[in-house]
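Report on the structure
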Amino acid sequence: MRLKSRLFILNLVLLIIVADANAQNFLVNKELFQWGTLPSIPDSIGFAGSFAGVADDVLIVAGGSNFPNGGTPWNGGIKTWYDKIFILEKPGGQWKEAGKLPFRLGYGVSISTKCGLVLIGGSNEKEHVANVLLLHYTNGKIKIENLASLPFPLANSCGALLGDKIFIAGGLTTPSSSSENKFLCLDLKQKNSSWKELTSWPGPSRMMSVAGTDDKCFYLFSGAELANGKRAYLKDAYSFSEQLGWKKLADLPWPVTAAPSLAFHSRHSMFVFGGDDGTHADSATMLKEKHPGFNHKILRYDIDKNCWSVAGEIYTDKKKDAIESPNNSIWPPVTTSLVIWKDLIVLPGGEVRPGTRTPNVIIAKPISK
């Protein structure tokens, strides 16, 4: 009887492990991360520029844009923004539509806090906005509150939470403006607080940068400077603390513009996943559906040594028809958030080549070494 009981318990444990693995659909180990997928966002095209994060222990993806009906920027497709809010309650569950934003919106900053998911700025087909929203998930529905608005509209910024303070860097104030070197802060601990403009980093203005934090500093990596309608892809990096101000860090090996933000912090390192290095920026319109996609390398910044190295690759699964239908394969996404949810690194949706979105949700787990 004892042997049978032990065998029963062992089989039960194995079943639980297998069920958990299937629920999260882990596919492959690569270098420092174990890669897999979650259920796809319930849209056949997918979205870029969505807000994404965690509130009340559920994963939220809201807003964003795409080109419906097979449209692209070069065949007359019309870019369309959305107000839908999707939630995923558990890794093995299914996405649900749980509400709508007050208006169509995307390309803002998403900050997961203990108070809820904060959505900052963004844009739609009409304008860039200064609105700041706080999302909660209660009794199966999303509830939305207004927080202090930005002092001016901002889209394509990056931001992160350090302690009880949200820091926002760069972006665009209008669709036709040059990039900004604005650096803003909101203290969530103070009731009715407003945004404060702080001294900016000692480098070019930028948009679509990657932000990150550890227990001490705010980090600002790469991005693109936009002036007179032209982009300059940047490799510079900085850290900021309220005690010491800004510090110039070692340059990245290549630009990581529009890479999923936040950077992932682990021990004494910051990890940046993919991004647009600008290699095909000038030929994107000519390449059209032959665009090979964005960088799949993961860069690791060693905080103590102030140096960069390659830490592996984002998991990809480019099928035979990938060139024609990349949203049905797994390609490295840009213009999406990096979310930490239930010990998973989550990259929900995004853009896999110019004009092409994906509903795929890629996940990773750090492998202890």
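This one's a predicted model, so the numbers in the text were calculated from it and none came from an experiment. (Residues numbered from 1 in each chain as written. Predicted model: local features only at pLDDT ≥ 70, side-chain atom pairs only at ≥ 80, totals over all residues. Heavy atoms only, no water.)

Digging into the sheet that holds strand β3 (residues 51–55)
Ordered in space as β3-β4-β7-β8, the four strands form an open sheet in which the pairing is antiparallel. Only two strands of the sheet have a single neighbouring strand rather than two, namely β3 and β8 (96–100). Averaged over all adjacent pairs, the angle separating strand axes in this sheet is 30°, with direction ignored. Of the pairings in the sheet, the one linking strand β4 (residues 58–62) to strand β7 (residues 84–88) comprises four bridges and is antiparallel in character. Paired with Ala62 across the two strands is Ile85, which belongs to β7. (Pairing = 2+ DSSP bridges. Helix = DSSP H or I, 4+ residues; strand = E, 2+ residues; numbered from the N terminus. Axes fitted to C-alpha atoms, helices over the stretch in contact; angles between N-to-C directions.)

Description of the pairing of strand β31 (residues 361–366)
Two elements, strand β2 (residues 33–38) and β31, share six bridges in a ladder whose sense is antiparallel. Counterpart to Thr37 in the pairing with β31 is Ile362. The pairing of strand β28 (residues 344–348) with β31 spans four bridges and is classified as antiparallel. Bridge assignment links Pro348 to a residue of β31, and that residue is Val361.

Observations regarding the pattern of salt bridges
Applying the stated rule across the entire model yields 11 salt bridges. Here Glu89 ties to Lys96 by a salt bridge, and the two come within 3.2 Å at their closest N and O atoms. On the accessibility criterion, Glu89 (35% relative accessible area) is partly exposed. Exposure remark for Lys96: the relative accessible area of 41% places this residue in the partly exposed category. Put simply, Glu242 and Lys165 hold a salt bridge, and the shortest N to O gap is 2.9 Å. With Glu242 in the loop between β21 (237–241) and β22 (245–249) and Lys165 in strand β14 (residues 165–169), the pair connects residues that are 77 residues apart, well separated along the chain. By relative accessible area, which is 48% here, Glu242 ends up partly exposed. (Salt bridge = Lys/Arg side-chain N within 4 Å of Asp/Glu carboxyl O. Buried < 20%, exposed > 50% of the residue type's maximum accessible area, 1.4 Å probe, protein only.)

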